[in-house]
Structure formats: structure tokens, C-alpha cells
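Structural description and commentary
What follows is each chain in one-letter form.
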Amino acid sequence: TVEHSLEMFRAGKSLEEIASERTLTVSTIESHLAKAIATSRLELSDYVSQDESSAIEAGITEHGANGLRAVFDALEGKYSFGKLRAVAAHLNREI
């Protein structure tokens, strides 16, 4: 199912469109994209902007990636858990 979501995302569909067409939640689609990033099938920059990535990386550095709730709260809910997971997956891939 990750591959199907990834194909639709690459075809230019929004997360909401993918979720609707697949009868899944947006958070499920976000988790599919995070898994694709973790396995190098999708570049982080294709999903998360540089500004978003920088802010999220700073939050993860300060609060750790194990419990993303602290990062989410520190960033005042500005970014979805899906984007937090995507950046964390990217950082874990770089290690």
C-alpha cells in the first residue's frame, strides 16, 4: 500500500485526494510517505519544504525523536505528526 500511495503522490495528487480515493486517513498516507523516505524511495524535499525541515530538525535535536509529542508541542502544532515522522525517518536514514 505504501507503493500505491507513493505513485499517487508522485502523480501530483494531494494527501487528501489520495486518502479519499483509497478510503484511508490523511495520517495513514503521511505514514506511507515517511516509510518511503526511510527506505530512500522518496526524497524528504519532495514532501517537506526546506523551511519546515529545518524547524522540525531543530525540534528533534532539542527534544529527541523517540517521543514526537514533545517536538509537536514545542513547535506549537505547526507541523503534522506525519511531517515530524518524515523528518525523523530522514534523519535516521542518514545515521
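Note that the structure is predicted; figures quoted are calculated from it, not measured. (Residues numbered from 1 in each chain as written. Predicted model: local features only at pLDDT ≥ 70, side-chain atom pairs only at ≥ 80, totals over all residues. Heavy atoms only, no water.)

With respect to the side chain of histidine 32
Locating histidine 32 in the fold gives a position in helix α3 (residues 26-38). Side chain to side chain, histidine 32 and threonine 1 meet in a polar contact 3.5 Å long. In this structure the side chain of histidine 32 is engaged in a polar contact, spanning 2.7 Å, whose partner is the side chain of serine 5. In this structure histidine 32 touches Thr1, Val2, Ser5, Arg22 and Leu24, once residues within four positions along its chain are discounted. (Helix = DSSP H or I, 4+ residues; strand = E, 2+ residues; numbered from the N terminus. Polar contact = N/O pair within 3.5 Å; in protein donor to acceptor, adjacent residues only side chain to side chain. Contact = heavy atoms within 4.5 Å.)

Side note on the nonpolar core
Nonpolar side chains tend toward joint burial in soluble globular proteins. Judged by nonpolar contacts, the single largest core of 28 residues is most densely connected at Leu42, Tyr47 and Leu84. Those residues in contact with tyrosine 47 that lie beyond four places of it in its chain are Phe9, Leu15, Glu30, Leu33, Ile37, Leu42, Ser80, Gly82, Lys83 and Ala86. (Core = buried A, V, L, I, M, F, W, Y, C linked by side-chain atoms within 4.5 Å. Buried < 20%, exposed > 50% of the residue type's maximum accessible area, 1.4 Å probe, protein only.)

What to know about the side chain of histidine 90
Tracing the chain through its elements places histidine 90 in helix α6 (residues 81-94). When its relative accessible area of 12% is taken as the criterion, histidine 90 is described as buried. When neighbours within four sequence positions are excluded, histidine 90 is seen to be in contact with Ile37 and Leu44.

Examining helix α2 (residues 15-22)
By the burial criterion, the buried members of α2 are Leu15, Ile18, Ala19 and Arg22. For α2, the buried positions fall inside an angular range of 95° around the axis, keeping them on one side. Residues of α2 that are exposed and point more than 90 degrees away from the buried face comprise Glu16 and Ser20. On its buried face, α2 sits against α1 (2-10) and α3. One or two steps after α2, the chain reaches threonine 23, where phi turns positive at roughly 50°. (Arc of directions from axis to C-beta.)

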